[in-house]
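# A look at the structure
Each chain, letter by letter, is given below.
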Amino acid sequence: YLWDFGDGGTGSGFIVQHTYTQEGTFTVRLEVTTRSNTFVYTQQLEINSGTSTSNLPATAYVLNTQSNFVSIINLDTLTNSSPPIPVGNVSPQSDSVRHMAISPDGTRGYVVNRGEDDVSVLDLTNNSNLLMDIPVGDSPSSIAISQDGTRAYVTNAFDDDVSVIDLTSNTNLNSDIPVGSSPYDITIHPNGTRAYVANSFDDDVSVLDLINNVNLNTDIPVGRSPSSIAIHPDGARAYVVNASDDD
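The rules behind each value
Residues numbered from 1 in each chain as written. Predicted model: local features only at pLDDT ≥ 70, side-chain atom pairs only at ≥ 80, totals over all residues. Heavy atoms only, no water. Buried < 20%, exposed > 50% of the residue type's maximum accessible area, 1.4 Å probe, protein only. Helix = DSSP H or I, 4+ residues; strand = E, 2+ residues; numbered from the N terminus. Pairing = 2+ DSSP bridges. Salt bridge = Lys/Arg side-chain N within 4 Å of Asp/Glu carboxyl O. Contact = heavy atoms within 4.5 Å.

Most of strand S20 (residues 183-188) sits out of view: five of its six residues are buried. Pairing of S20 with strand S21 (residues 194-199), which is carried by five bridges, proceeds in the antiparallel orientation. Paired with Ile-188 across the two strands is Ala-195, which belongs to S21. Linking two consecutive strands that pair antiparallel, namely S20 and S21, is a turn of five residues; a positive phi of about 80° is found at Gly-192 within it.

Structure, rendered in structure tokens:
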């Protein structure tokens, strides 16, 4: 469970607490990752003198890995609120769509299409595919978005690198960052200066400098087949799931 409260604050865990220090409109984002799917929930909050109200229904976006579309669920009514959003162009296949991330302002969704080696861009204000797929590397597996919403970082499992996308122009900057073997997941530190990549074949975690978009070459050994990584909100600890060790 990874939380982004829209004001620079983040959290992890099933139950979290967060205090807003200023008034305004904030988009709260929750990402829940299971073995087979990634679920993304968003909720817009209006903070006014310590009171929050919802302007939009809480929404979940569910990747359907074998049918190439994203389901949209209204969490207030627990119903499909809109027709599903098609993503990718290849015939549906097992694990074709792998991961989804939402921009900090909640207006865009980015879906990793493993079978096509690209990223679909979704307009979440009207739940549509903008049909401007962004080419990335071979067999992309995960995506993370910078806190300012200007960059996306995509792990490419078969290229052993991370693609860097300019989200203002929706283009690949072609400045791939080399990492370990079969990078499976990526997450960004709460301060926005570092990213951590779980390398499933090397049993370690690469540390990236996002200021200069380089690998610091200080790989951290972990368990066997690391598949997911989450960072504590205070930025002092990272937690890595090791698929072959069951820990």
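Next comes the rest of the write-up.
For the structure on display, the rule yields five salt bridges. Two residues, Arg-224 and Asp-245, come together in a salt bridge whose shortest N-O distance is 2.6 Å. With a gap of 21 residues between them, Arg-224 in the loop between strand S24 (220-221) and strand S25 (226-231) and Asp-245 in the segment after strand S26 (238-242) connect regions that are remote in the sequence. Residue classification places Arg-224 among the partly exposed residues on the basis of a relative accessible area of 46%.

Let us look at the environment of Ile-165. Tracing the chain through its elements places Ile-165 in strand S17 (residues 161-166). Here the alpha-carbon distance between Ile-165 and Val-136, two residues 29 residues apart in the chain, equals 8.5 Å. Apart from residues no more than four positions distant in its own chain, Ile-165 is found in contact with Val-119, Ile-134, Val-136, Thr-150, Arg-151, Ala-152, Val-154, Thr-171 and Asn-172.

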